[in-house]
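# Summary of the model geometry
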2 protein chains.
Amino acid sequence: MDALKNRIVTDGRILKGDILKVDSFLNHQIDVAFLNEIGTAFKERFKDCEVTKIMTIEASGIAVACATSQFFNYCPVVFAKKGNAANMSDDAYHAPLHSYTRGADFVISVSRDYLSKEDKLLIMDDFLANGEALKAMISVAQQAGCQIVGCGTVIEKAYQPGGEMIRNKGIRVESLARIKSMSVENGIEFCQ
Amino acid sequence: MDALKNRIVTDGRILKGDILKVDSFLNHQIDVAFLNEIGTAFKERFKDCEVTKIMTIEASGIAVACATSQFFNYCPVVFAKKGNAANMSDDAYHAPLHSYTRGADFVISVSRDYLSKEDKLLIMDDFLANGEALKAMISVAQQAGCQIVGCGTVIEKAYQPGGEMIRNKGIRVESLARIKSMSVENGIEFCQ
């Protein structure tokens with residue numbers, strides 16, 4: 001998605017520690033009109049998959065997933081919660097998640113009420129790097145018996161192992177911008 | 001907003017501990033088409049306020065805020081983060097937040113890059129009960145010198161002190177459904 005690559009180059013900032021900050025439009029401040037373009041791009045890639053539900057994970061995935069839902073007949077979005085809040089049902093699917101960003105281990109939870117064997121599920125997130133979040137959501141989806149049509153992520157650090165790990169499970173992964181290499185000194189090079 | 005009240009009565013579940021679960025459409029599974037109706041209702045209430053930015057807090061507020069943005073010329077949404085992630089800039093506004101739901105204390109953070117004195121800010125959240133989240137966001141907005149046009153929440157537990165506390169600060173609060181009383185035995189009674 002060229003508009004996304006341009007936006008990353010224009011507005012993204014590379015910080016030490018392999019951090020790409022895109023928080024001016026994607027995951028802190030949100031450009032809602034641009035998210036609709038992102039949703040359109042996901043529709044193009046998954047248009048033949050009869051998606052009936054989108055699963056994502058709090059917090060940054062929610063805006064992406066809701067924008068994308070509009071292009072899949074406003075299918076329901078369900079977002080996995082991290083940890084166990086007092087108002088989270090015990091009747092939930094769980095999976096472990098290690099967050100490299102936060103340097104902590106979580107359990108993610110999705111209520112059993114909102115996933116079923118009838119769901120043709122698109123799993124979404126803003127970033128794909130080590131693949132921990134997708135792996136946890138895939139576990140939850142498999143526990144529920146959902147048909148996973150694929151994973152859609154906005155930005156993939158293709159030089160990190162997550163994308164290959166998920167694709168090696170036989171699960172389709174579509175990322176709108178795939179970063180081949182990135183450094184403070186040399187900037188960003190995209191795949192292809 | 002009658003459609004919302006009806007939806008709460010139809011799909012909400014009252015649990016012990018003063019919990020209203022609306023996670024089938026608002027804060028776990030999300031009905032994106034219905035959120036657009038909610039956004040329309042907020043537009044009606046704040047249409048004369050020249051809103052230029054919406055602030056909310058992760059996680060449940062994000063979907064509401066993004067849906068609402070569409071009706072305010074796709075103004076930027078910025079969501080406050082809880083805790084301090086490794087990729088959160090130190091150059092941020094902070095405020096303390098006690099979460100009754102999670103029984104924990106957080107610090108919320110918003111980057112200084114995304115709030116300014118020029119902003120006419122609408123502060124949003126899904127629920128208003130004790131008002132802790134709104135209070136923390138108001139503190140952040142005041143540190144940044146924003147003009148707060150008001151607070152918009154989807155569901156207000158009007159029998160709890162948050163709404164009155166915020167209104168007593170001279171800040172406008174609009175809630176689309178205000179609950180006067182609620183119990184497992186007697187169900188929900190709305191204000192008005």
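Residues numbered from 1 in each chain as written. Chains lettered and ligands numbered in written order. Predicted model: local features only at pLDDT ≥ 70, side-chain atom pairs only at ≥ 80, totals over all residues. Heavy atoms only, no water.

### Considering unusual backbone geometry
The residue after Glu58 of chain A, namely Ala59 of chain A, is reached through a cis peptide bond having omega 0°. The residue Glu50 of chain B is not glycine, and still its phi comes out positive at about 50°. When you line up the elements, Glu50 of chain B lands in the loop between helix 2 (32-46) and strand 4 (53-57). Judged by its relative accessible area of 55%, Glu50 of chain B is exposed. (Helix = DSSP H or I, 4+ residues; strand = E, 2+ residues; numbered from the N terminus. Buried < 20%, exposed > 50% of the residue type's maximum accessible area, 1.4 Å probe, protein only.)

### Considerations on the interface of chain B and chain A
Every contact between the two is made by 41 residues of chain B and, on the other side, 41 residues of chain A. Between chain B and chain A lies a buried interface of about 3400 Å² when both sides are counted; carbon and sulfur atoms form 57% of it. Taken together, chain B and chain A are joined by 2 salt bridges. For the interface between chain B and chain A, the tally reads 14 residue pairs in polar contact (both at pLDDT 80 or more). Grouping the amino acids of the side of chain B that touches chain A by side-chain chemistry returns 19 nonpolar, 13 polar and 9 charged. Summarising the sheet, strand 5 (residues 77-82) of chain A and strand 3 (residues 29-30) of chain B pair through 2 bridges and their orientation is antiparallel. In the strand pairing of strand 3 of chain B, Val78 of chain A is matched with Gln29 of chain B. (Contact = heavy atoms within 4.5 Å. Buried area = accessible area lost by both parts, 1.4 Å probe. Salt bridge = Lys/Arg side-chain N within 4 Å of Asp/Glu carboxyl O. Polar contact = N/O pair within 3.5 Å; in protein donor to acceptor, adjacent residues only side chain to side chain. Nonpolar A, V, L, I, M, F, W, Y, C, P; charged D, E, K, R; others polar. Pairing = 2+ DSSP bridges.)

### Some words on the packing of aromatic side chains
Applying the stated criterion across every chain yields a total of 2 aromatic pairs over all chains. Aromatic side chains Phe25 of chain A and Phe34 of chain A sit 5.8 Å apart centroid to centroid with 80° between the ring planes, which places their arrangement in the edge-to-face category. The two residues Phe25 of chain A and Phe34 of chain A agree in class, both being buried. Sitting above the plane of the Phe34 of chain A ring, Arg7 of chain A keeps its charged end 5.0 Å from the centroid. Positioned over the ring face of Phe106 of chain B is Lys82 of chain B, at 5.7 Å from the centre of the ring. (Phe/Tyr/Trp six-rings, centres within 6.5 Å; stacked < 30°, edge-to-face > 60°. Lys NZ or Arg CZ within 6 Å of the ring centre and 35° of its normal.)

### Focus: the pairing of strand 11 (residues 187-190) of chain A
Residue and element names in this part refer to chain A. The pairing of strand 10 (residues 173-183) with strand 11 spans 4 bridges and is classified as antiparallel. Among the inter-strand pairings, Ser181 is bridged to a residue of strand 11, identified as Glu189. Hairpin connection of strand 10 to strand 11: 3 residues between the antiparallel strands.

### Side note on the packing of helix 2 of chain B against helix 3 (residues 60-69) of chain B
All names here are of chain B. Close contact between helix 2 and helix 3 brings their axes to 8 Å; oriented N to C, the two are set at 65°. When you trace helix 2 past helix 3, the crossing you get is right-handed. Taking contact as the criterion, the partners of Leu35, Asn36, Ile38, Gly39 and Phe42 in helix 2 are, on helix 3, Ala63, Val64, Ala67 and Thr68. Of the residues contributing to the contact of helix 2 with helix 3, the split by class is 6 nonpolar, 3 polar and no charged. (Axes fitted to C-alpha atoms, helices over the stretch in contact; angles between N-to-C directions. Left-handed = near helix turned anticlockwise from the far one by under 90°.)

### Some points on the confidence of the model for chain A
Detailed reading of predicted coordinates is not advised where the pLDDT is low. Of all residues in chain A, 97% attain a pLDDT of 70 or more, and the chain-wide mean is 94. Confidence metrics for the complex model read pTM 0.95 and ipTM 0.94. (pLDDT = per-residue confidence, 0-100.)

### Description of the environment of Gln70 of chain A
By secondary structure assignment, the location of Gln70 of chain A is in the loop between helix 3 (60-69) and strand 5. Overall, Gln70 of chain A belongs to the buried group, its relative accessible area being 17%. As for Gln70 of chain A and Lys43 of chain A, which are separated by 27 residues in sequence, their C-alpha atoms are 9.3 Å apart. Excluding residues within four positions of it along the chain, Gln70 of chain A makes contact with Asn36 of chain A together with Val32, Asn36 and Gln70 of chain B. Side chain to side chain, Gln70 of chain A and Asn36 of chain A meet in a polar contact 3.0 Å long.

### Points about the relation of the copies chain B and chain A
When chain B is brought onto chain A, the operation consists of a screw motion whose angular component is 180° and whose axial shift is 0.0 Å, with 0.0 Å RMSD remaining. In symmetry terms, the pair is related by a two-fold rotation axis. Among all C-alpha atoms of chain B, that of Ala59 of chain B lies closest to the rotation axis, at 2.5 Å. (Least-squares fit on C-alpha atoms with pLDDT ≥ 70 in both.)

### A short note on the nonpolar core
In terms of nonpolar packing, the biggest core is built from 80 residues, with Ile38 of chain A together with Ile38 of chain B touching the most fellow members. If we skip the residues at most four places from it in the chain, Ile38 of chain A touches Met1, Leu26, Val64, Val154 and Leu176 of chain A. Membership of the second largest hydrophobic core comes to 28 residues, among which are Ile108, Leu134, Ile138 and Cys146 of chain B. (Core = buried A, V, L, I, M, F, W, Y, C linked by side-chain atoms within 4.5 Å.)

### Observations regarding the side chain of Arg7 of chain B
Residues and elements named next belong to chain B. Position of Arg7 relative to the elements: it lies in helix 1 (residues 2-11). Here Arg7 falls in the buried class, since its relative accessible area comes to 19%. At 2.6 Å, the side chain of Arg7 forms a polar contact with the side chain of Asp11. Other than its neighbours up to four places away in sequence, Arg7 contacts Gly12, Phe25, Asp31 and Phe34.

### Focus: the pattern of salt bridges
All names here are of chain A. In this structure the tally under the stated criterion is 30 salt bridges over all chains. For the salt bridge of Arg178 with Glu156, the shortest nitrogen-to-oxygen distance reads 3.2 Å. Of this pair, Arg178 sits in strand 10 while Glu156 sits in strand 9 (residues 147-157), and the two are 22 residues apart along the sequence. With a relative accessible area of 26%, Arg178 lands in the partly exposed category. Given the relative accessible area of 1%, Glu156 is considered buried. Between Glu174 and Arg172 there is a salt bridge, with the nearest N and O atoms lying 3.1 Å from each other. Shared partners join several salt bridges into a network, and the residues in it are Arg7, Asp11 and Asp31.

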